[in-house]
Amino acid sequence: MREIKRIGVFTSGGDAPGMNAALRAVVRSACHRKVLVSGIYRGYEGMIDGEISDLSPRDVGNIIHRGGTILKTARSARFMTAEGRKIAFEQLKQKHIDALVAIGGDGTFAGAQLLYQEHGLPVIGLPGTIDNDLYGTNYSIGFDTAINTAIDAVDKIRDTADAHNRLFLIEVMGRHSGFIALHTAIASGASAMIIPERELDFEWLVADLQGTIDRKKLFGLVIVAEGNPLGSAEDLARRLQDRIREYEVKVTVIGHIQRGGSPTAADRILASRLGHEAVEALLAGSCDCMAGLLSDTIALTPFGQAIGKRNLPDPELIELATILGL
Ligand code: F6P
């Protein structure tokens, strides 16, 4: 096993609140172990272009509370080619980087796995995505902040929905995953939710909402996960308005507001624990895996599984959201 004297760290893919806290933990934990750290800017794009500089513990001061990522981020098409990865590896070699910590989602880990397989560079991944869809961790960095942002928005929409007796379809992020929608629906007391992980047809939704009208509910909140098979909140609203006359149907797409903001305590603590673990795991000889949290215990999951499998919402929580939305 080669001695690790310098670790490179980068953030990649969609940013998530808590990435800065993770970066801080990596830099300071490495310093504690007398290992140097280089920050790689703009994810794999900056790796290819050699945008790399030293990071000291002072460089990561005053960032634990900040959303976004001070290292910036990008989605890189060039890194998807073997040629791009070779250039990136040469850049890392030139800067004497012996190992990497990759903070991001499944695309980030797929790239990290290739870097390890093709060039033997040890990499540990940290789950940084608001979507919470990575297998091998109960929670990913940024998810808690994103749902709190969504809940805050739904609470506000609730006030106006109540005042006007309206039905609101509120679209939340999550690409192919319903975690944000499910947790937002439970915590905001929504009438219904539409998520990719639960089969649901349009007629069921109409009947369900008709039921709430029959039960004299004066307004409705439906949380719609983007990427659900029934269509966007806009499309659904148009179709619903044709069928449901009792409510005026309105749409709010919360969008990228969910990606920003100061991380919650839960995200800061998760990011700090996992950032520290990434350094310890690399120094202990682990690599090609993601550090996550399972039942409040840190666990390493091979990249192959973290990418190949999907984190799925607990069916009991789906049932709970349905029962309580009555
Ligand atoms: O993966 C995080 C995420 O915010 C998804 O929920 C969303 O579908 C996507 O990123 C949006 O990506 P972009 O910011 O590139 O439009």
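For clarity, every value in this text was computed on a predicted model and none was experimentally measured. (Residues numbered from 1 in each chain as written. Predicted model: local features only at pLDDT ≥ 70, side-chain atom pairs only at ≥ 80, totals over all residues. Heavy atoms only, no water.)

**A few points about helix 4 (residues 106-119)**
No. 1: Here helix 4 is 14 residues long and its end C-alpha atoms lie 20 Å apart, about the 20 Å a rise of 1.5 Å per residue gives.
No. 2: Burial in helix 4 covers these residues: Thr108, Phe109, Gly111, Ala112, Gln113 and Leu115.
No. 3: One or two positions beyond helix 4, positive phi appears at glycine 120, with a value near 70°. (Helix = DSSP H or I, 4+ residues; strand = E, 2+ residues; numbered from the N terminus. Expected span 1.5 Å × (residues − 1). Buried < 20%, exposed > 50% of the residue type's maximum accessible area, 1.4 Å probe, protein only.)

**Regarding the environment of leucine 209**
No. 1: By the element assignment, leucine 209 lies in helix 7 (residues 202-214).
No. 2: Spatially, the C-alpha atoms of leucine 209 and alanine 192 are 8.1 Å apart, while their sequence positions differ by 17 residues.
No. 3: Excluding residues that lie within four positions of it along the chain, leucine 209 makes contacts with Leu167, Val222, Leu240 and Ile244. (Contact = heavy atoms within 4.5 Å.)

**What to know about the packing of aromatic side chains**
Aromatic rings in a pair are described by how distant their centres are and how their planes are angled relative to each other.
No. 1: By the definition in use, this model includes five aromatic pairs.
No. 2: With a centroid separation of 6.1 Å and an interplanar angle of 15°, the aromatic rings of tyrosine 139 and phenylalanine 143 are classed as stacked.
No. 3: What makes phenylalanine 143 buried here is its relative accessible area of 2%.
No. 4: On the basis of an interplanar angle of 85° and a centroid distance of 6.2 Å, the ring pair of phenylalanine 143 and phenylalanine 179 is categorised as edge-to-face. Placement of the pair is phenylalanine 143 in helix 5 (residues 143-164) and phenylalanine 179 in helix 6 (residues 179-188), with a sequence separation of 36 residues. Assigned by exposure class, phenylalanine 143 and phenylalanine 179 land together as buried.
No. 5: It is arginine 239 that lies over the ring of phenylalanine 202; its NZ or CZ is 4.0 Å from the centre. (Phe/Tyr/Trp six-rings, centres within 6.5 Å; stacked < 30°, edge-to-face > 60°. Lys NZ or Arg CZ within 6 Å of the ring centre and 35° of its normal.)

**Considering the environment of isoleucine 64**
No. 1: With respect to the secondary-structure elements, isoleucine 64 resides in the loop between strand 3 (52-54) and helix 3 (82-94).
No. 2: In this structure, the C-alpha to C-alpha distance between isoleucine 64 and leucine 218, residues 154 residues apart in sequence, is 43 Å.
No. 3: Not counting the four nearest positions on each side in its chain, isoleucine 64 is found in contact with Ala21, Arg24, Pro263, Arg268 and Ser272.

**Description of the domain arrangement of the chain**
No. 1: Along its sequence, the chain is organised into domain 1 (6-142 + 263-308) and domain 2 (144-259).
No. 2: The gap between the C-alpha centroids of domain 1 and domain 2 is 34 Å.
No. 3: Contact between domain 1 and domain 2 buries roughly 1100 Å² in total, counting both sides, with carbon and sulfur atoms accounting for 50%.
No. 4: Remark: the boundary between domain 1 and domain 2 carries one salt bridge.
No. 5: Note that arginine 259 and aspartate 15 form a salt bridge whose closest N and O atoms lie 2.9 Å from each other. (Domains from an automatic or database assignment. Buried area = accessible area lost by both parts, 1.4 Å probe. Salt bridge = Lys/Arg side-chain N within 4 Å of Asp/Glu carboxyl O.)

**Concerning the nonpolar core**
No. 1: Judged by nonpolar contacts, the single largest core of 61 residues is most densely connected at Val9, Val101, Leu126, Leu221 and Ile223.
No. 2: Counting residues per element, this core draws most heavily on helix 5, which supplies eight residues.
No. 3: Counting 22 residues, the second-largest nonpolar core is a separate cluster that includes Ile52, Ala88, Leu100 and Ala102. (Core = buried A, V, L, I, M, F, W, Y, C linked by side-chain atoms within 4.5 Å.)

**As for the state of the cysteines**
No. 1: The tally for this structure, following the rule as stated, stands at zero disulfides.
No. 2: Here cysteine 289 is not cross-linked by a disulfide; its sulfur's nearest cysteine counterpart is in cysteine 287, at 6.8 Å. (Disulfide = S-S within 2.5 Å.)

**Quick notes on unusual backbone geometry**
Excluding glycine, most residues fall at negative phi; most peptide bonds, likewise, are trans.
No. 1: Phi is positive for lysine 216, close to 65°, though the residue is something other than glycine.
No. 2: Tracing the chain through its elements places lysine 216 in the loop between helix 7 and strand 8 (220-225).
No. 3: Assessed through its relative accessible area of 67%, lysine 216 is described here as exposed.
No. 4: Positioned with a positive phi, aspartate 288 is a non-glycine residue whose angle comes to about 60°.
No. 5: The residue aspartate 288 is located in the loop between helix 9 (265-283) and strand 10 (289-294) in this model.

**Brief notes about the sheet that holds strand 8**
No. 1: Pairing in this open sheet of four strands is parallel, and the strands run 7-8-6-9 from one edge to the other. In this open sheet, the two strands that pair with only one neighbour each are strand 7 (192-194) and strand 9 (248-253). Across the sheet, the mean angle separating the axes of adjacent strands is 20° when strand polarity is ignored.
No. 2: With six bridges joining them, strand 6 (residues 166-172) and strand 9 adopt parallel strand pairing. Paired with leucine 169 across the bridge in strand 9 is valine 251.
No. 3: This element, helix 6, spans strand 6, strand 7 and strand 8 of the sheet and lies at about 160° to strand 8. (Pairing = 2+ DSSP bridges. Axes fitted to C-alpha atoms, helices over the stretch in contact; angles between N-to-C directions.)

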